[in-house]
Amino acid sequence: MRALVQGALVGPGALVVGDGVEVPRAAAGEVLVKVGAAGVNFADVMQTRGAYDGGPEAPYVAGFEAAGEIVAVGDGVDPALLGARVIGTGPGAFAEYVVMGVDSLARVPAGWRDEQALGLVLNWGTALAALRPLGQLAAGQVVLVHAAAGAVGQAAVRLAKHYGATVIGTASAEKHDVVRRLGADELIDYRAADLVSEVRRLTGGRGVDVVLESVGGETFGKSLEVAKRVTGKVIVYGVAGGEASVSNWELNFKHQVHVIGLHIGVLGQHAPEMFAELMAELDKLIEIGVYPPGEPTVYDLADGPKVLAELEARATVGKLALKP
Ligand SMILES: NC(=O)c1ccc[n+]([C@@H]2O[C@H](COP(=O)([O-])OP(=O)(O)OC[C@H]3O[C@@H](n4cnc5c(N)ncnc54)[C@H](OP(=O)(O)O)[C@@H]3O)[C@@H](O)[C@H]2O)c1
């Protein structure tokens, strides 16, 4: 089969299209999916550099999110699933076929094309988990969404507006219009403006109730500063700008805020009831149109190296997809 193979852990430039890659086999508890479209995630970029915890060693077939049709099932999996169109995760999704654990699957919503379902769990599920069960966002509160024009960020803006919050987004200036159209109340170009003083100005000095923190690096400290003292929550789910830390001294004397880590895969494994509630809530949001069919920018598999390089360079907007 055709697949994108990462030859060495030196970045997206080391991705090459292979034509003779062996089709994987579904083992017990797994299904084989004929990929309609694969989702590109920031974690793919991190994996190309060996920077993702527990990521694969090179060489490996890249990608881990796909939507498509189940064409084979492993032992113990209900054969009635054959032919179902699903979205899920499994190693090697930038390929014509990928194997996925049956537990990671959700149905492609009725009437949606495969690519429109990408991001259902990894983007919308992550954004919803950050805002609601973890961030406890309520109507009338203020949320700061970093990387608001990105795939997770756009989902978060829509969701936060639906739940009645005021949304302050950060994004590169040329992406502001897109985020404003989604309903964001205020946008900050974090490269031109001082984030902390801008957020203080916009919140009358009070700070925000919830910060969606996916950037890290120098931004992490700023996120801690702009969260409301005592009740403010900083939900950490990404490290695009690098590692950062906060000490117990700082939490005691400087940043009296809640710092909460989130990884959607770990949430699914260790809090299955919360995960099921998230999925049920997303179903409802799809039904009432708050969560519309996705509109990813779709590329050919061969464009993968370029697409990942652009994602790394902050040159992309919204969800990206590859067609095998
Ligand atoms: N924990 C989880 O379960 C989970 C699940 C999904 C995603 N994530 C994380 O959520 C974040 C968003 O993921 P995504 O796939 O939706 O990507 P994305 O937001 O579409 O792309 C990343 C965006 O982040 C912004 N950014 C700010 N600083 C950056 C930096 N130093 N390097 C690169 N980008 C930077 C850029 O937007 P601007 O140009 O507008 O600044 C860039 O376009 C990532 O950190 C990802 O790892 C975590």
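Residues numbered from 1 in each chain as written. Predicted model: local features only at pLDDT ≥ 70, side-chain atom pairs only at ≥ 80, totals over all residues. Heavy atoms only, no water.

Points about the overall build of the chain
The helix and strand tally for the chain stands at 11 helices and 16 strands. Computed over the C-alpha atoms, the radius of gyration of the chain is 20 Å, within 12% of the 20 Å expected from 2.2 N^0.38 for a compact globule of 324 residues. The buried share of the chain, reckoned over its 324 residues, is 49%. Just so you have it, the chain exposes about 14400 Å², and 51% of that area is on carbon and sulfur atoms. Computed over 27 positive and 37 negative side-chain charges, the separation of the two mean positions in the chain equals 7 Å. (Helix = DSSP H or I, 4+ residues; strand = E, 2+ residues; numbered from the N terminus. Rg over C-alpha atoms; globule rule 2.2 N^0.38 Å. Buried < 20%, exposed > 50% of the residue type's maximum accessible area, 1.4 Å probe, protein only. Areas by Shrake-Rupley, 256 points an atom, 1.4 Å probe, with all protein chains shown as cover. Lys, Arg positive; Asp, Glu negative; His and termini not counted. Charge placed at Lys NZ, Arg CZ, Asp CG, Glu CD.)

Structural notes on the sheet that holds strand 12 (residues 210-213)
The six strands lie next to each other as 11-10-9-12-13-14, forming an open sheet whose pairing is parallel. Single-partner strands in this sheet number two, and they are strand 11 (186-188) and strand 14 (258-261). For this sheet, the mean angle separating the axes of adjacent strands, direction not counted, is 20°. As paired elements, strand 12 and strand 13 (residues 233-236) share four bridges and run parallel to each other. Bridging across to strand 13, Glu 213 finds its partner in Val 236. Strand contacts of helix 6 (residues 195-202): strand 9 (142-145), strand 10 (166-170) and strand 11, with the helix running at about 165° to strand 11, the strand carrying the most contacts. (Pairing = 2+ DSSP bridges. Axes fitted to C-alpha atoms, helices over the stretch in contact; angles between N-to-C directions. Contact = heavy atoms within 4.5 Å.)

Quick look at the site of the ligand
Surveying the vicinity of the ligand reveals 27 residues, the closest of which are Ser 172, Lys 175, Tyr 190, Tyr 237 and Ile 264. Contact between the ligand and Ser 214: an oxygen atom at 3.2 Å from a main-chain N or O atom of the residue. Here an oxygen atom of the ligand sits 2.7 Å away from a polar atom, N or O, in the main chain of Ile 264. The protein chains hide 92% of the 910 Å² of surface that the ligand would expose on its own. Along the lines of polarity and charge, the residues of the shell around the ligand split into 14 nonpolar, nine polar and four charged. (Near = heavy atom within 4 Å. Polar contact = N/O pair within 3.5 Å; in protein donor to acceptor, adjacent residues only side chain to side chain. Nonpolar A, V, L, I, M, F, W, Y, C, P; charged D, E, K, R; others polar.)

Concerning the domain arrangement of the chain
Per the domain assignment, the segments of the chain are domain 1 (3-119 + 294-323) and domain 2 (124-266). The interface of domain 1 with domain 2 comprises nine residues on the first partner and 13 residues on the second. Together, the buried faces of domain 1 and domain 2 total about 800 Å²; carbon and sulfur atoms form 55% of this surface. Interface area lost by domain 1 to domain 2 is led by Arg 314, Val 317 and Gly 318, which between them contribute 53%. One can count zero salt bridges joining domain 1 with domain 2. The tally of links from domain 1 across to domain 2 stands at six residue pairs in polar contact (both at pLDDT 80 or more). (Domains from an automatic or database assignment. Buried area = accessible area lost by both parts, 1.4 Å probe. Salt bridge = Lys/Arg side-chain N within 4 Å of Asp/Glu carboxyl O.)

Focus on the packing of aromatic side chains
According to the stated counting rule, one finds three aromatic pairs in the structure shown. Where Trp 112 meets Tyr 291, the ring centres are 5.5 Å apart and the plane angle is 65°; that geometry is what we call edge-to-face. Of the two residues, Trp 112 sits in the loop between strand 8 (106-107) and helix 2 (114-117) while Tyr 291 sits in the loop between helix 10 (272-287) and strand 15 (297-300), which places them 179 residues apart along the sequence. Trp 112 sits in the buried class, given a relative accessible area of 9%. With centroids separated by 5.3 Å and ring planes inclined at 50°, the aromatic side chains of Trp 249 and Phe 253 adopt a geometry described as tilted. Of this pair, Trp 249 and Phe 253 both sit in helix 8 (residues 248-253), four residues apart, roughly one helical turn. Assigned by exposure class, Trp 249 and Phe 253 land together as exposed. Taken together through their ring pairs, the aromatic side chains of Trp 112, Trp 124 and Tyr 291 make up a single cluster. (Phe/Tyr/Trp six-rings, centres within 6.5 Å; stacked < 30°, edge-to-face > 60°.)

Re the nonpolar core
Core analysis: the biggest nonpolar cluster contains 55 residues, and Leu 120, Val 143 and Leu 212 have the highest contact counts within it. Only helix 3 (120-134), strand 9, helix 4 (151-162), strand 12, helix 9 (264-270) and helix 10 provide two or more residues apiece to this core. Sort the elements by how many residues they give to this core and helix 3 lands first, with 10 residues. Shared between two domains, this core holds at least three residues of each, these being domain 1 (3-119 + 294-323) and domain 2 (124-266). Membership of the second largest hydrophobic core comes to 27 residues, among which are Ala 84, Val 86, Val 98 and Leu 322. (Core = buried A, V, L, I, M, F, W, Y, C linked by side-chain atoms within 4.5 Å.)

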